[in-house]
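Inside the fold
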Amino acid sequence: MPGQRCAKAGLRLFNAASAEEAEELLLYCCGSLRWAQRVAAHRPYPDLDALLAAADEASYDLSPADVAEALACESSAGLHPDAPPAAHTALAAAHAAYESRFGHAFVICLEGHAPEDYLNLVLTGIRRRLANDPDEERAEAAEELRGTARSRLAYELTHPELTAPADSPSADSASPGEATADGAPARQPVRR
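Residues numbered from 1 in each chain as written. Predicted model: local features only at pLDDT ≥ 70, side-chain atom pairs only at ≥ 80, totals over all residues. Heavy atoms only, no water.

What follows covers the nonpolar core. In terms of nonpolar packing, the biggest core is built from 32 residues, with Phe 14, Leu 26, Trp 35, Val 39, Leu 51, Leu 153 and Leu 157 touching the most fellow members. In contact with Trp 35, not counting residues within four places along its chain, are Leu 26, Cys 29, Cys 30, Ala 55, Ala 58, Ser 59, Leu 62 and Ala 149. In terms of nonpolar packing, the next biggest core, distinct from the first, is built from 14 residues, Ala 83, Ala 94, Phe 102 and Phe 106 among them. (Core = buried A, V, L, I, M, F, W, Y, C linked by side-chain atoms within 4.5 Å. Buried < 20%, exposed > 50% of the residue type's maximum accessible area, 1.4 Å probe, protein only. Contact = heavy atoms within 4.5 Å.)

All right, on to the packing of aromatic side chains then. How two aromatic rings sit relative to each other is set out by the distance from centre to centre and by the angle between their planes. Evaluation of the coordinates by the stated rule reveals three aromatic pairs. An angle of 25 degrees between the planes, with centres 6.5 Å apart, marks the rings of Phe 14 and Tyr 45 as stacked. A residue pair is termed long-range when its members are at least 10 positions apart, and Phe 14 in helix H1 (residues 2-16) and Tyr 45 in the loop between helix H3 (33-41) and helix H4 (48-60) qualify at 31 residues. With respect to burial, Phe 14 and Tyr 45 carry one shared label: buried. (Phe/Tyr/Trp six-rings, centres within 6.5 Å; stacked < 30°, edge-to-face > 60°. Helix = DSSP H or I, 4+ residues; strand = E, 2+ residues; numbered from the N terminus.)

For helix H5 (residues 64-72), the set of buried residues is Asp 66, Val 67, Ala 70 and Leu 71. The arc enclosing the buried residues of H5, seen along the axis, measures out at 135 degrees, which places them on a common side. Facing away from the buried side of H5, by more than 90 degrees, are the exposed residues Pro 64, Ala 65 and Ala 72. In this structure, the buried residues of H5 make contact with H3 and helix H8 (134-158). (Arc of directions from axis to C-beta.)

With that settled, the discussion passes to the layout of surface pockets. What the second largest pocket holds in volume is close to 160 Å³. Residue assignment for the lining of the second largest pocket shows that the elements contributing at least two residues are H4, H5 and H8. Top element by residues in the lining of the second largest pocket is H8. It accounts for five residues. Here the residues of the lining of the second largest pocket sort into six nonpolar, two polar and three charged. (1 Å grid on protein atoms, 1.4 Å probe; cavity = no way out; pocket = protein on both sides within 12 Å on 5 of 7 lines; lining within 4 Å. Points joined across faces, edges and corners; volume = space filled by probe spheres on them. Nonpolar A, V, L, I, M, F, W, Y, C, P; charged D, E, K, R; others polar.)

Structurally, the position occupied by Arg 152 is in helix H8. A relative accessible area of 1% means that Arg 152 is categorised as buried. Placed 127 residues apart in sequence, Arg 152 and Leu 25 show a C-alpha to C-alpha distance of 9.6 Å. Within the structure, Arg 152 has its side chain in polar contact with the backbone oxygen of Cys 29 (distance 3.2 Å). (Polar contact = N/O pair within 3.5 Å; in protein donor to acceptor, adjacent residues only side chain to side chain.)

Looking now at the side chain of Glu 140. Tracing the chain through its elements places Glu 140 in helix H8. Only 3.1 Å separates the side chain of Glu 140 from the side chain of Asn 132, close enough to count as a polar contact. Beyond its immediate stretch of four places on either side in the chain, Glu 140 contacts Arg 128, Arg 129 and Asn 132.

This paragraph deals with the environment of Ala 90. By the secondary structure assignment, Ala 90 is in helix H6 (residues 85-102). Given a relative accessible area of 36%, Ala 90 falls into the partly exposed group. Remark: the alpha-carbon pair of Ala 90 and Leu 119, spanning 29 residues in sequence, is separated by 9.8 Å.

Quick look at unusual backbone geometry now. Pro 44 follows Arg 43 through a cis peptide bond whose omega is 5 degrees. Looking at where Pro 44 falls in the secondary structure, it is placed in the loop between H3 and H4.

The next thing to look at is H6. For H6, spanning 18 residues, the distance from its first C-alpha to its last is 26 Å, which sits close to the expected 26 Å at 1.5 Å a residue. Of the positions making up H6, those classed as buried are Ala 87, Leu 91, Ala 94, His 95, Tyr 98 and Phe 102. For H6, the arc enclosing every buried residue in end-on projection is 95 degrees, short of the 170-degree limit, so these residues lie on one face. Away from its buried face, by an angle of more than 90 degrees, H6 presents the exposed residues Pro 85, Ala 86, Thr 89 and Ser 100. Once H6 finishes, Gly 103 follows within two positions and takes phi at roughly 80 degrees, a positive value. (Expected span 1.5 Å × (residues − 1).)

Put into structure tokens, the structure is as follows:
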């Protein structure tokens, strides 16, 4: 099966990478340095499922400061430039209201949903989550970060041609499941 072969190739590259390279990829997936270092330190992983389980476990152990660090690396979803102006306006207003209330970008994992549903899911999610108190929202945002990190990591390792140094041409490729309203990439900066 081609997908399994790609996952094995991506995992081999990940397991063989230097600690710095592995952490760089992991920081793309989740902006918490502690999370990235923890997941990288437990290499080699026997299979993708083991890596994703370790990533989940590390996500559940994030402190409030780690979650804040990861959220600071996220950016609000945008729309494709060809989307109707009213959609751009509605999404910008929703993001502004959310960011004003909680102080960080809205994060939602869209894995498993059709791209044509993204805008509605994001707008509905923002409206619903604006009613959360800050502690509830921090917990919900942490869970969405976990799902997003898992989705990004699975994508990167099943597309090993994309698992490349940050200055390579393939480093700007998109991955699904991110908080984008139309499927456009919402990549975060890699920090060390």
